[in-house]
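Results of the structural survey
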Amino acid sequence: MIELKNLCKIFKTGNKSIVAAENISMRVKEGEICVLLGPSGCGKTTTLKMINKIIEPTSGEIFVNGKNVTNVDNIVLRRKIGYVIQQIGLFPNLTVKGNISIVPKMLHWDKERIDRRAEELMEMISLDKSYLSMYPKELSGGQQQRIGVARALAANPPVMLMDEPFGAIDPINREIIQDEFLRLQKKIKKTIIMVSHDITEAIKMADKIAIFKEGVLQQFDTPDNILAHPGNSFVENFVGKDRTLKRLNLYSVVDVMNKTPFIFNDNDNVCDAIKIMHENSLASVFIVDKDKKPVGRLVLKDVKNLKKNDGKCINYMIELKSMIKIEENLRNISSQMYLHSKSSFVCVDNDDKIVGEISQDGISNFLNATYKKEPKGYENV
Ligand SMILES: Nc1ncnc2c1ncn2[C@@H]1O[C@H](COP(=O)(O)OP(=O)(O)O)[C@@H](O)[C@H]1O
Ligand SMILES: [Mg+2]
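On a predicted model such as this, the values are computed, not experimentally measured, just so you know.

Points about unusual backbone geometry
For Lys53, which is not a glycine, the phi torsion comes out positive at approximately 60 degrees. Along the polypeptide, Lys53 turns up in the loop between helix H1 (44–51) and strand S4 (59–64). Even without being a glycine, Glu164 presents a positive backbone phi close to 45 degrees. Structurally, Glu164 is set in the loop between strand S7 (159–163) and helix H7 (171–188).

Considerations on the pairing of strand S1 (residues 2–13)
Across five bridges, S1 lies against S4 in antiparallel orientation. By the bridge assignment, Cys8 is partnered in S4 with Ser59. In the sheet, S1 pairs with strand S2 (residues 16–28) via nine bridges, with the strands oriented antiparallel. Across the sheet, residue Ile10 finds its bridge partner in S2, namely Val19. Taken together, S1 and the strand that follows it, S2, pair antiparallel across an intervening segment of two residues, in which Gly14 is found at a positive phi of about 60 degrees.

Focus on the nonpolar core
In terms of nonpolar packing, the biggest core is built from 68 residues, with Val35, Ile193 and Ala210 touching the most fellow members. In this structure, Ile193 is in contact with Ile2, Val28, Cys34, Leu36, Leu48, Ile51 and Leu161, ignoring residues within four places of it in sequence.

What to know about the confidence of the model for the chain
The predicted coordinates of low-pLDDT regions are not to be read in fine detail. With 97% of its residues at a pLDDT of at least 70, the chain reaches an overall mean of 92. Here residues 377–381 scores under 50 on pLDDT; set against residues more than four positions off or in separate chains, the count is twelve contacts.

Let's talk about the site of ligand 1
All residues adjacent to ligand 1 are Phe11, Thr13, Ile18, Ala20, Gly38, Ser40, Gly41, Cys42, Gly43, Lys44, Thr45 and Thr46. Those elements giving two or more residues to the shell around ligand 1 turn out to be S1, S2 and H1. By residue number, the principal contributor to the shell around ligand 1 is H1, which donates three residues.

Observations concerning the domain arrangement of the chain
Per the domain assignment, the segments of the chain are domain 1 (2–249) and domain 2 (254–366). On a C-alpha basis, the centres of domain 1 and domain 2 stand 45 Å from each other.

A word on the sheet that holds S4
What the four strands build is an open sheet, ordered S2-S1-S4-S5; its pairing is antiparallel. Among the strands making up the open sheet, the edge pair consists of S2 and strand S5 (67–68). The pairing of S4 with S5 spans two bridges and is antiparallel. Residue pairing for S5: Val64 is matched across the bridge by Lys67. Across the sheet, H1 is in contact with S1, S2 and S4; its angle to S1 comes to roughly 115 degrees.

Cut-off values and rules
- Residues numbered from 1 in each chain as written.
- Chains lettered and ligands numbered in written order.
- Predicted model: local features only at pLDDT ≥ 70, side-chain atom pairs only at ≥ 80, totals over all residues.
- Helix = DSSP H or I, 4+ residues; strand = E, 2+ residues; numbered from the N terminus.
- Pairing = 2+ DSSP bridges.
- Core = buried A, V, L, I, M, F, W, Y, C linked by C-beta atoms within 7 Å.
- Buried ≥ 20, exposed ≤ 12 C-beta atoms within 10 Å, placed from the backbone.
- Contact = placed C-beta atoms within 7 Å.
- pLDDT = per-residue confidence, 0-100.
- Near = placed C-beta within 6 Å.
- Domains from an automatic or database assignment.
- Axes fitted to C-alpha atoms, helices over the stretch in contact; angles between N-to-C directions.

Here it is in structure tokens:
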């Protein structure tokens with residue numbers, strides 16, 4: 001756990017003083033990722049560097065796992081806090097292994113232990129062991145970035161500070177590395193404070209977002225609350241006019257789908273289905289085969305004039321063209337709804353068996369339900 005209490009930093013240059021951080025108070029729980037977000041020069045790096053005492057606070061206190069760090073020796077503190085510096089900052093004259101062994105060597109680990117850890121780290125960041133003997137300039141930006149993360153993780157610190165860790169990578173590789181990092185974090189569960197100026201990155205990575213303006217913390221809250229209830233006009237402008245669309249990235253189909261849609265078997269009598277559709281005011285129902293795999297949609301307006309008919313659902317249904325996996329995010333699904341002019345899709349599990357239905361109305365109701373929650377506003381402590 002990391003707690004900042006009334007943290008201030010005033011830089012004095014000549015006869016000018018710059019307030020880079022003003023009364024910052026916040027608490028990051030164990031195992032959470034907190035993203036410090038805001039425009040350039042708002043005090044993100046300064047705040048981050050005060051936590052491992054690269055910058056001495058002018059006033060205020062910092063607690064790491066309940067311990068006030070003011071009196072902890074700087075070297076001891078930094079060994080417990082992994083640090084990924086802005087612009088990666090690998091040492092060009094050291095190999096990959098040299099770079100990731102810096103802290104273990106400072107800790108006087110023996111050679112065997114360092115070798116073992118180096119291989120473990122490479123596996124964690126999905127790079128082959130053969131990279132260990134290469135120099136940073138032989139690696140792509142994305143690979144260098146991974147090494148920067150591995151270096152910070154080397155001595156297995158419980159806390160990681162990361163300054164724009166994915167900033168120097170092209171957008172496509174950035175997404176890949178972000179996904180990889182989130183998968184890794186699920187396993188290693190570090191307490192992480194990460195700097196970013198990119199709202200999309202913050203929404204994707206953060207459990208909590210702290211938005212800064214000119215050294216002042218504007219709002220500290222979950223990504224969903226920041227987007228649904230921006231605390232002031234600065235935050236509202238910063239998150240953008242499309243903030244509801246951005247919220248769609250936070251949820252998967254499984255969070256929103258109707259898990260009990262009306263379904264019929266392909267061999268069921270079509271009149272039974274028509275009756276149920278009338279009784280429940282349904283425009284259509286899904287048809288499944290004997291393995292519960294969706295095969296079609298029976299649309300009421302196509303069949304409502306059928307009378308006393310022995311036909312089976314399979315003879316009247318429209319074949320299904322697309323099915324949705326439950327782990328897809330809502331933004332992708334909404335995009336497909338517009339693309340195909342569809343207001344709902346059938347949802348399937350990994351065996352392609354039906355598990356639900358997702359509709360435009362369902363998504364709207366879900367977003368509105370969370371909008372209606374009492375605004376949390378500023379949650380600085
Ligand atoms: N060592 C320093 N001396 C003087 N001013 C500084 C120093 N470091 C940062 N600043 C100023 O403090 C403010 C916050 O900087 P910084 O924390 O680096 O912002 P960010 O990381 O959000 O871009 C800026 O106005 C910057 O110019
Ligand atoms: Mg910075």
